[in-house]
Amino acid sequence: MIDAARAMGVTNVRFPGGCYAAYYHWKDGVGPTSERPSTRYRADGTWPAANDFGTDEFMAWCQEARAEPYLCVNMGTGTPEEARDWVEYCNGEPGSRWADERVRNGHPEPYSVRYWALGNEISGAWEMGYTATPEEYVRRARDFATAMKAADPTIRLVLSGAHFPIGFPQPNWNRDVLYPLYEHTDFISMHHYIGHDYADDIRERHAKMGVTAVFEHLTEYMRLLEDAVDVVRQDIRLVNHDKGSPGKPIGIALDEYNPWYKTGDDPQCEDGLTEVYHLADSLLVAAYFGIFLRNADVLALANMAQLVNTLPAVVCESGGKGFYRQGISYVQELFAASRGHTAIDVWADSPVRKGSYYPSVPLLDVSASHDEASGEVLLYAVNRDPERPLALEVTCPAGPLAPHEVATVGGGPLDTANTFAEPERITIRHRPADAGTPLTVPPATVIRVRLRPDPAVRR
């Protein structure tokens with residue numbers, strides 16, 4: 001799993017994450033493993049935990065995987081004191097109770113965890129600790145934030161925003177929590193599972209629709225996420241202006257995202273959780289990453305849900321039998337090459353198809369980044385047409401660019417999927433670019449083109 005995470009380019013992992021966070025008590029997961037209690041976090045006996053993978057094990061895992069830890073505190077069954085103690089355990093210098101406990105457990109140096117979430121989806125009625133109004137969340141979150149920052153004032157806090165800001169029962173949730181918690185705020189969260197929630201929900205009908213109709217439907221509704229990002233961007237901008245700090249960097253944390261619509265009735269999904277991701281889903285994940293690049297000024301933190309076996313990037317058999325990577329993981333690896341670059345604006349003149357929600361849907365989804373050190377541009381293009389290739393003509397106001405290398409994920413039937421028997425049906429394929437040959441994006445494919453300033457043309 002560590003090898004897979006490194007290959008994917010994972011840089012940030014959220015723990016414990018999801019609805020489990022509202023039941024998780026971190027003190028059950030530290031100290032000698034033989035002395036840790038076995039717990040069940042729901043009255044019906046589900047979610048058993050031996051607690052043998054706790055805070056210290058997670059930190060060691062992140063270090064090996066070269067990923068930064070991101071901790072989500074328990075605002076369901078937990079308390080501000082418990083959250084404060086967790087910050088002290090992770091970040092405190094020796095000389096205080098919980099920092100000394102970390103030292104006794106064999107970890108003398110602080111972990112220096114930067115990112116902390118104030119609850120998971122606590123604005124939703126399904127969540128333990130549900131806060132029905134922004135005012136109720138503010139009252140509780142202020143206590144947690146104050147206690148946690150007393151242990152380490154340098155931590156960066158993620159508020160629990162509207163689960164999705166368009167059509168949310170509390171229409172001004174984000175602004176109503178940003179104003180009173182402004183001094184504590186570094187990020188505000190949102191979650192998005194394409195095909196699972198809101199107007200795009202097809203869980204009950206996707207099997208009857210067929211893979212092509214499903215893909216066209218969900219491709220169109222990815223635009224709703226980009227609209228939602230812009231809604232939150234404007235909320236942040238308004239609050240910053242009202243507070244007299246127009247430049248304060250409050251970010252959006254999309255700390256759960258992925259396709260999710262087949263579990264429960266997919267015969268390939270034996271446990272209801274290990275969703276089989278087809279090529280169509282890989283192209284949807286490419287659409288997510290296009291949104292990330294185009295909105296990198298504000299959408300500053302994103303966590304694919306999840307890494308292994310549940311809505312997984314990676315499917316792993318227990319007992320060390322092995323694993324395989326699903327196609328969505330190769331899309332993340334493709335886009336990870338833009339880490340450290342500057343996202344740049346792009347404009348695409350693309351053929352369109354008629355939409356059912358939006359008037360039209362572009363068939364080409366384009367994003368790009370720029371490496372200022374080398375001058376190289378990475379251009380990403382997703383062909384949403386499953387049958388026709390699309391020509392790609394690139395112009396740049398700063399001067400001519402020549403294609404150097406092309407990497408692709410996709411091509412073939414939309415229902416193509418990786419398996420243990422065929423683990424690389426979907427993978428990254430590289431080829432050099434022929435400067436004399438026009439670029440094309442094959443059907444149902446995402447490409448990454450490395451472009452360099454053209455030395456043959458006078459700038």
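Going by the structure above, here's the rest.
Thresholds applied
Residues numbered from 1 in each chain as written. Predicted model: local features only at pLDDT ≥ 70, side-chain atom pairs only at ≥ 80, totals over all residues. Heavy atoms only, no water. Helix = DSSP H or I, 4+ residues; strand = E, 2+ residues; numbered from the N terminus. Rg over C-alpha atoms; globule rule 2.2 N^0.38 Å. Contact = heavy atoms within 4.5 Å. Areas by Shrake-Rupley, 256 points an atom, 1.4 Å probe, with all protein chains shown as cover. Lys, Arg positive; Asp, Glu negative; His and termini not counted. Charge placed at Lys NZ, Arg CZ, Asp CG, Glu CD. Expected span 1.5 Å × (residues − 1). Salt bridge = Lys/Arg side-chain N within 4 Å of Asp/Glu carboxyl O. Buried < 20%, exposed > 50% of the residue type's maximum accessible area, 1.4 Å probe, protein only. Arc of directions from axis to C-beta. Pairing = 2+ DSSP bridges. Axes fitted to C-alpha atoms, helices over the stretch in contact; angles between N-to-C directions. Parallel < 35°, antiparallel > 145°, perpendicular 65-115°, else oblique. Left-handed = near helix turned anticlockwise from the far one by under 90°. Nonpolar A, V, L, I, M, F, W, Y, C, P; charged D, E, K, R; others polar.

Engineer: Could you give an account of the overall build of the protein chain, with specific residues and numbers?
Structural biologist: For the protein chain, the count of helices and strands is 10 helices and 21 strands. Taking 459 residues into account, the globule formula puts the C-alpha radius of gyration at 23 Å, and the protein chain, at 23 Å, falls close to it. If you line up the protein chain on its principal axes, its C-alpha atoms span 65 × 55 × 45 Å. Taking all contacts inside the protein chain whose residues are at least 6 apart in sequence as the whole, residues at least 24 apart take part in 71%. For the protein chain, the accessible area works out to roughly 20,300 Å², and carbon and sulfur atoms hold 51% of it. Averaging the coordinates of the 43 positive side-chain charges in the protein chain and doing the same for the 63 negative ones gives two points 3 Å apart.

Engineer: Please set out helix α8 (residues 211–242) residue by residue, giving values where relevant.
Structural biologist: Spanning 32 residues, α8 covers 47 Å between terminal C-alpha atoms, matching the ideal 46 Å at 1.5 Å per step. Once α8 ends, the next one or two residues include G244, with phi positive near 75°.

Engineer: Break down the pattern of salt bridges for me, with residues and values.
Structural biologist: In the structure shown here, the tally under the stated rule is 24 salt bridges. With its nearest N and O atoms 2.7 Å apart, the salt bridge here joins D281 to K262. With a gap of 19 residues between them, D281 in helix α9 (residues 279–294) and K262 in the loop between β8 (251–259) and α9 connect regions that are remote in the sequence. K262 matches D281 in its accessibility class, with the two residues each being buried. The partner of D385 in a salt bridge is R388, and the shortest N-O contact between them spans 2.7 Å. What makes D385 buried here is its relative accessible area of 9%.

Engineer: Describe helix α4 (residues 97–104), listing the residues and the values that go with them.
Structural biologist: Since the α-helix turns once every 3.6 residues, residues separated by three or four places project in the same direction. Buried within α4 we find W98, A99 and R102. Viewed along the axis of α4, the buried residues span an arc of 105°, placing them on a single side of the element. The exposed set on the far side of α4, more than 90 degrees from its buried face, consists of R97 and R104. Taken together, the buried residues of α4 touch α2 (55–65) and α3 (80–91).

Engineer: Kindly report on the side chain of T131, identifying the contributing residues and their values.
Structural biologist: Here T131 shows up in the loop between β5 (115–117) and α5 (134–151). Those residues in contact with T131 that sit more than four places away from it in its chain are I122, S123, E136, Y137, R140 and W173.

Engineer: Explain the environment of P180 residue by residue, including any values.
Structural biologist: Assignment of secondary structure puts P180 in the loop between α6 (173–178) and β7 (187–194). Taking relative accessible area as the criterion, P180 reaches 32% and is therefore assigned partly exposed. Taking the C-alpha atoms as reference points, P180 and R142, 38 residues apart in sequence, are found 8.7 Å from one another. Aside from chain neighbours lying at most four places away, what touches P180 is V138, R142 and R175.

Engineer: With reference to specific residues and values, describe the sheet that holds strand β15 (residues 364–370).
Structural biologist: Across the sheet, six strands lie side by side as β12-β15-β16-β21-β18-β19; this open sheet has antiparallel pairing. Both outer strands of the open sheet, β12 (342–343) and β19 (429–432), are each paired with one neighbouring strand and no more. Taken together, the nine bridges between strand β18 (residues 401–410) and strand β21 (residues 445–453) define a ladder with antiparallel strand orientation. Directly across from A407, in β21, lies its bridge partner R448. Against the sheet, α9 engages β12, β15, β16 (377–383), β18 and β21, with an angle of about 50° to β15.

Engineer: How would you sum up the pairing of β18? Please name residues and give values.
Structural biologist: Side-chain positions along a regular strand alternate between the two faces of the sheet. Most of β18 is tucked away, with seven of its 10 residues classed as buried. Of the strand pairs in this sheet, β18 and β19 are connected by four bridges, and their pairing is antiparallel. Residue pairing in the sheet places V406 in a bridge with R431 of β19.

Engineer: Please provide a residue-by-residue account of the packing of α2 against α3, values included.
Structural biologist: Packed helix pairs are characterised by how far apart their axes lie and by the angle those axes make with each other. Contact geometry for α2 and α3: axes closest at 12 Å, N-to-C directions at 50°. Taken together, the axis directions place α2 and α3 in an arrangement best described as oblique. Relative to α3, α2 is oriented so that their crossing is right-handed. Contacts from T55, D56 and M59 in α2 reach W86, Y89 and C90 in α3.

Engineer: So what about the packing of α8 against α9? Which residues, and what values?
Structural biologist: Taken N-terminus to C-terminus, the directions of α8 and α9 make an angle of 15°; their axes are 10 Å apart at the nearest point. The angle between α8 and α9 falls in the class roughly parallel. Here the hand of the crossing between α8 and α9 comes out right-handed. Two secondary-structure elements touch here, α8 through V211, F215, L218, T219, M222, L225, E226 and V229 and α9 through A280, L283, L284, A287, Y288, I291 and R294. Per-class residue counts for the contact of α8 with α9 are 12 nonpolar, one polar and two charged.

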